[in-house]
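Residue-level listing of the chains:
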Amino acid sequence: MTILVTGGAGYIGSHTVRALQTKGYDVIVVDNLSKGHKQAVQVPLYIGDLSDRSFLEKVFAENQIDAVIHFAALSLVGESVIRPDLYFGSNITNALSLLDVMRKYGVSQIVFSSTAAVYGEPMEVPIPESHPKQPTNPYGESKLFIEMILQRYAEAFGIRYIALRYFNAAGADPKGDIGEDHRPETHLIPLVLQAVLGQRDRLQIFGTDYPTPDGTCLRDYIHVNDLSDAHVLALEALADGASSTAYNLGNGRGFSVRKVIETAEKVTGRLVPVDEGPRRPGDPAVLVASSDRAVQELGWQPRFADLETIIATAWNWHKNNPNGFQE
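Starting from 1, residues in each chain are numbered consecutively following that chain's sequence as written. Only residues with pLDDT of at least 70 are given local features in this predicted model, and only at 80 or more are side-chain atom pairs given and counted; all residues enter the totals for whole chains, interfaces and linings. Excluding hydrogens and water, the side-chain figures rest on all heavy atoms present in the structure.

Caption draft 1: Expanded view of the pattern of salt bridges. Here, a salt bridge means any Lys or Arg side-chain nitrogen found within 4 Å of an Asp or Glu carboxyl oxygen. Inspection of the entire model under this criterion finds 18 salt bridges. Taking the shortest distance from any N to any O, the salt bridge between Glu57 and Arg53 comes out at 3.1 Å. In this pair, Glu57 and Arg53 are both assigned in helix H2 (residues 53-62), four residues apart and thus about one turn of the helix distant. A relative accessible area of 35% places Arg53 in the partly exposed class. For the salt bridge of Asp229 with Arg303, the shortest nitrogen-to-oxygen distance reads 2.8 Å. Here the residue Asp229 occupies a position in helix H7 (residues 224-239), and Arg303 occupies one in the loop between helix H9 (292-298) and helix H10 (307-320), the gap between them amounting to 74 residues. Looking at Asp229, the relative accessible area reads 21%, which means it is partly exposed. For Arg303, a relative accessible area of 51% gives the class exposed. Each member of the salt-bridge network shares a partner with another, and the members are Arg18, Asp173 and Asp177. Under the DSSP-based scheme used, a helix requires at least four consecutive residues in state H or I and a strand at least two consecutive residues in state E, with every element numbered from the N terminus. Accessible area is worked out with a 1.4 Å probe on protein chains only. A residue is then buried under 20% of its type maximum, exposed over 50%, and partly exposed in between.

Caption draft 2: Focus on the nonpolar core. Joining through side-chain atoms within 4.5 Å is the link that ties buried Ala, Val, Leu, Ile, Met, Phe, Trp, Tyr and Cys residues into a set, and such a set is a nonpolar core. Counting residues in each nonpolar core, the largest one holds 34 residues, and the members touching the most others are Val5 and Leu20. Among the elements of the structure, strand E1 (2-6), helix H1 (11-22), strand E2 (26-31), strand E4 (67-70), strand E6 (160-166), H7, strand E11 (245-249) and H9 are those that each provide at least two residues to this core. For this core, the element with the most residues is H7, which contributes eight residues. Contacts of Val5, omitting those with residues within four sequence positions, involve Gly13, Val17, Leu20, Val27, Ile28, Val29, Val30, Ile69 and Phe71. Of all hydrophobic cores here, the second largest spans 28 residues; its members include Tyr46, Ile92, Tyr153 and Ala246. Throughout, a residue-residue contact means that at least one pair of heavy atoms, one from each residue, lies within 4.5 Å.

Caption draft 3: Summary view of unusual backbone geometry. With an omega dihedral of 0°, the bond running from Val125 to Pro126 counts as a cis peptide bond. Residue placement: Pro126 occurs in the loop between strand E5 (109-115) and helix H5 (138-157). Following Arg183, the chain continues into Pro184 via a peptide bond in cis, with omega recorded as 5°. Mapping Pro184 onto the fold places it in the loop between strand E7 (168-170) and helix H6 (188-196). Positive phi, normally seen in glycine, also occurs at Leu33, with a value near 60°. Secondary-structure assignment places Leu33 in the loop between E2 and strand E3 (45-47).

Caption draft 4: How the structure looks around the sheet that holds E5. Two strands make a pair as long as DSSP finds a minimum of two bridges between them. Ordered by their spatial adjacency, seven strands build an open sheet running E3-E2-E1-E4-E5-E6-E11, and the pairing between neighbours is parallel. Every other strand in the sheet has two partners, leaving E3 and E11 as the edge strands with one partner each. Within the sheet, the average angular offset between the axes of one strand and its neighbour, ignoring direction, is 20°. Note on geometry: axes are C-alpha line fits, over the in-contact stretch for helices, and angles between N-to-C directions span 0 to 180 degrees. Packed onto the sheet, H5 meets E5, E6 and E11 and runs at close to 155° relative to E5. Sitting on the sheet, H7 is in contact with E1, E4, E5, E6 and E11, with an inclination near 160° to E6.

Caption draft 5: Inspection of the environment of Asn94 at higher detail. With respect to the secondary-structure elements, Asn94 resides in helix H4 (residues 84-104). Note on Asn94: relative accessible area 9%, which makes it buried. A C-alpha to C-alpha distance of 5.4 Å links Asn94 and Leu50, two positions 44 residues apart in sequence. Discounting residues that sit within four places of it in the chain, Asn94 has contacts with Asp49, Leu50, Ser51 and Gly89. Pairing of N or O atoms within 3.5 Å defines a polar contact, subject to two protein rules: one partner must be a possible hydrogen donor and the other a possible acceptor, and residues neighboring in sequence count only if both atoms are side-chain atoms. Within the structure, Asn94 has its side chain in polar contact with the backbone nitrogen of Ser51 (distance 3.4 Å).

Caption draft 6: Structural context of a nonpolar patch on the surface. Nonpolar side chains (Val, Leu, Ile, Met, Phe, Trp, Tyr) within 5 Å and like charges within 9 Å form the patches, drawn only from residues with over 30% relative accessible area and no salt bridge. Using a 1.4 Å probe, the Shrake-Rupley method yields the accessible areas, and only the shown protein chains count as cover for residues. The grouping of Val77, Val81 and Ile82 at the surface amounts to a nonpolar patch, some 290 Å² of accessible area in total. Its location among the elements puts Val77 in helix H3 (residues 77-82). The partly exposed category is assigned to Val77, whose relative accessible area is 39%.

Caption draft 7: Focus on the packing of H6 against H10. Where H6 contacts H10, the axes come no closer than 10 Å and their chain directions differ by 50°. One way to sum up the angle between H6 and H10 is to call them oblique. For the element pair H6 and H10, the recorded crossing hand is right-handed. Contacts from Ile189, Pro190, Leu193 and Val196 in H6 reach Ile310, Ile311, Ala314, Trp315 and His318 in H10. When residue character is reported, Ala, Val, Leu, Ile, Met, Phe, Trp, Tyr, Cys and Pro are called nonpolar, Asp, Glu, Lys and Arg charged, and the others, Gly included, polar. In terms of residue class, the contact of H6 with H10 is made up of eight nonpolar, one polar and no charged. By the definition adopted for this analysis, an angle is roughly parallel if under 35 degrees, roughly antiparallel if over 145, roughly perpendicular if from 65 to 115, and oblique otherwise. Helix crossings are classified by the rotation of the near helix relative to the far one: an anticlockwise turn of less than a right angle makes the crossing left-handed, while a clockwise turn makes it right-handed.

As structure tokens, then:
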């Protein structure tokens, strides 16, 4: 089978490309390299944007594509609040363009990279897939809109989908040759490791008075290779005739900001310099997933579930690639 991975040169995308290759799939990547890195993939790479219909049709015309994994999207929550036009204009329009080209070329299976942000403020923890969908920012809204579009396309055109709503992706492939390289970086674990490496003066803790055991936010961290495994399992489920649905992906456990710092200090043997500040608006105290359905229905089982292992793989990447892919 030949799989098209949009955004496949990005963080989660490149790890998923590797997982697909390991399983024997032929893989083609489309990426505009606005966030991705061509060094992260060793498969055919088409550099271009999903908004370019003629470019996208060229990719489909030149390859016998059997299914699509769709990562390509803008994904910064704060930016989405300031520029909702970008997020609605890019994420939703590009998804529609992709789906219409899939229809034209008879491709009827897609795994969609969604997000826990579709839920908004949690009403129960851990969060099940049945939780109300009330996103609090345009990023989460754009992903929820695409899920709704997928449902309608499934009903009208027979394009079956699995949407994967994941929580905090973290870590790196244990081989150490690909990892997280965002510019700007917004994720906690790489920010902690940048502070360890002296690439930033101090780590900022936003809020120390939350109703949690140590006063800092609790988040569910899921290793990027475990996410990759889930995308492959979702693809295989669709190939076996699975109905369209959505799954949460997380470890089902929350780790506080202070716990992440403490664990990073243990892994690296170095102190993390910190500053404590007020809460950021819109940060929930606790975000933890219930992934029971993915475990039961997809047969998914996280292999890198403990925080120390997650941070150790991230540290292996960052210490050996302090400038990321830009050596």
